[in-house]
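# Structural description and commentary
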Amino acid sequence: MKVGIIMGSKSDLPVMQDAADVLKALGAEFEITVVSAHRTPERMFQYAKTAAERGIKVIIAGAGGAAHLPGMVASITHLPVIGVPVKSSNSIDGWDSILSILQMPNGIPVATVALNAAKNAGILAAQILATADPRITENLKAYKEDLKLKVEETAREMESAFSSKADSPEN
């Protein structure tokens, strides 16, 4: 079982790398490539049409600007698609990407994460895979436990650094 990570252009890689990194950490197999909805529509169509037969179970699609890639891929495949809106150089503060991915018509759902949140897309893809892979389930549990422990450690450090002791009654 693997995840397909696709993006509209190489300039999206600094954002989309986070999905690859977290999937690797969670033990999920993935492939990564560039598939542009506007510049290479035939490549996009072929990628989406053949993804399932290549063993892909979830597709993470990141795109900036008009961001049609996630929705167009979702319209071609039966696989779950997770859209990552990317704030690109020609973006309107990322809102164009967010709305292009978020506002899909009924029947063509795209799970949408926050702007530039490819890490969350990777985690969500791993959670989908985990429904059929106990190894990934255990890795996710450990990952989330580690998140909890980090927050608790930060809380202890902050409480220790900022706690005030009441003045003694003699003052």
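For the structure, check the block above.
This write-up is about the structure you can find in this document.

Parameters and conventions
- Residues numbered from 1 in each chain as written.
- Predicted model: local features only at pLDDT ≥ 70, side-chain atom pairs only at ≥ 80, totals over all residues.
- Heavy atoms only, no water.
- Pairing = 2+ DSSP bridges.
- Helix = DSSP H or I, 4+ residues; strand = E, 2+ residues; numbered from the N terminus.
- Right-handed = clockwise from strand over helix to strand, strands pointing away.
- Core = buried A, V, L, I, M, F, W, Y, C linked by side-chain atoms within 4.5 Å.
- Buried < 20%, exposed > 50% of the residue type's maximum accessible area, 1.4 Å probe, protein only.
- Contact = heavy atoms within 4.5 Å.
- 1 Å grid on protein atoms, 1.4 Å probe; cavity = no way out; pocket = protein on both sides within 12 Å on 5 of 7 lines; lining within 4 Å.
- Points joined across faces, edges and corners; volume = space filled by probe spheres on them.
- Nonpolar A, V, L, I, M, F, W, Y, C, P; charged D, E, K, R; others polar.

## Here's the deal with the pairing of strand S2 (residues 29–34)
With six bridges connecting them, strand S1 (residues 2–7) and S2 associate as parallel partners. Bridging from a neighbouring strand, Val3 pairs with Phe30 of S2. For the crossover that starts at S1, traverses helix H1 (residues 13–25) and ends in the parallel S2, the hand is right-handed.

## Observations concerning the nonpolar core
One finds Ile5, Met16, Leu23, Ile60 and Val84 to be the most contacted residues of the largest nonpolar core, which totals 28 residues. Those elements that place two or more of their residues in this core are S1, H1, strand S3 (56–64), strand S4 (81–86), helix H5 (118–130) and helix H6 (134–162). For this core, the leading source of residues is H5, giving seven residues. Excluding residues that lie within four positions of it along the chain, Val84 makes contacts with Val15, Met16, Ile60, Ala61, Gly62, Ala63, Ile101, Val113, Asn116, Ala117, Ala118 and Ala121. By size, the runner-up hydrophobic cluster in this structure holds 20 residues, among which are Ala48, Ala61, Val73 and Ile101.

## Observations concerning the layout of surface pockets
For the largest pocket, the calculated volume is near 240 Å³. Lining the largest pocket are 18 residues, with Gly8, Ser9, Asp12, Arg39 and Gly64 positioned closest to its centre. Of the residues assigned to the lining of the largest pocket, the class counts are five nonpolar, eleven polar and two charged.

## A short note on unusual backbone geometry
A positive phi angle is found at Ala67, which is not glycine, with a value near 50°. The topology assignment puts Ala67 in the loop between S3 and helix H3 (69–76). For Asp93, which is not a glycine, the phi torsion comes out positive at approximately 55°. When you line up the elements, Asp93 lands in the loop between S4 and helix H4 (95–102).

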